[in-house]
Amino acid sequence: MGDTPYSTEIGQYLVIWITGCTGTYIAEIIQSDPLRLKVMDDGPYANLQGEDFIIRAEESARLQQDDRENTCHYLQSIKGKVVSGLKSLGVTDGQLHEILPAP
């Protein structure tokens with residue numbers, strides 16, 4: 001993972017704040033160098049880069065650990081406080097939705 005507690009490999013998820021917006025988002029890495037992310041598959045949050053976002057390092061590390069270990073501890077701890085619009089996270093209508101832990 002290098003200098004950060006989280007991975008920046010393509011396809012990994014990060015927890016971010018979008019500059020100028022309130023709320024916490026799950027974004028997918030679409031390019032690692034320079035880092036580019038998407039919170040939605042289409043629209044204004046489909047190509048975030050540079051100054052568009054702030055990575056929440058600790059939360060990103062916890063989310064990625066959950067992915068590796070097939071657990072939902074991070075999502076359970078913040079239930080109802082993180083949103084995304086990614087099909088890969090189960091969103092099918094192209095809108096932002098709360099991302100909840102698996103039942």
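Rules used in this analysis
- Residues numbered from 1 in each chain as written.
- Predicted model: local features only at pLDDT ≥ 70, side-chain atom pairs only at ≥ 80, totals over all residues.
- Heavy atoms only, no water.
- 1 Å grid on protein atoms, 1.4 Å probe; cavity = no way out; pocket = protein on both sides within 12 Å on 5 of 7 lines; lining within 4 Å.
- Points joined across faces, edges and corners; volume = space filled by probe spheres on them.
- Helix = DSSP H or I, 4+ residues; strand = E, 2+ residues; numbered from the N terminus.
- Nonpolar A, V, L, I, M, F, W, Y, C, P; charged D, E, K, R; others polar.
- Salt bridge = Lys/Arg side-chain N within 4 Å of Asp/Glu carboxyl O.
- Buried < 20%, exposed > 50% of the residue type's maximum accessible area, 1.4 Å probe, protein only.
- Expected span 1.5 Å × (residues − 1).
- Contact = heavy atoms within 4.5 Å.

Enquirer: Help me understand the layout of surface pockets in this model?
Expert: In this approach the atoms are scanned with a rolling probe the size of a water molecule, which exposes any empty space left behind. When its volume is computed, the largest pocket comes out at roughly 160 Å³. Here the lining of the largest pocket takes 3 residues from helix α1 (residues 57-69), the largest share from any one element. Residue composition of the lining of the largest pocket, by class: 7 nonpolar, 2 polar and 2 charged.

Enquirer: So what exactly am I meant to see when it comes to the environment of Pro44 here?
Expert: In this structure, Pro44 sits in the loop between β3 (35-38) and β4 (48-49). Taking the C-alpha atoms as reference points, Pro44 and Ser77, 33 residues apart in sequence, are found 28 Å from one another.

Enquirer: Would you explain the pattern of salt bridges in this entry?
Expert: Oppositely charged side chains can form a pair if their charged atoms are brought close together. This structure, assessed with the given rule, holds 2 salt bridges. Note that Asp41 and Lys38 form a salt bridge whose closest N and O atoms lie 3.0 Å from each other. On the basis of relative accessibility, which here comes to 25%, the residue Asp41 falls in the partly exposed class. With a shortest N-O distance of 2.6 Å, Glu59 and Arg56 are connected by a salt bridge.

Enquirer: Any chance you could explain α1 here in plain terms?
Expert: Every α-helix winds through 3.6 residues per turn, so residues three or four apart in the chain are directed the same way. With 13 residues, α1 should reach 18 Å at 1.5 Å per residue; the first-to-last C-alpha distance of 18 Å fits that figure. Listed in full, the buried residues belonging to α1 are Glu59, Ser60, Ala61, Leu63, Gln64 and Asp66. Among the structural elements, β1 (13-18), β2 (24-32), β5 (53-55) and α2 (73-77) are those in contact with the buried residues of α1. Phi turns positive one or two residues past the end of α1, at Asn70, with a value near 55°.

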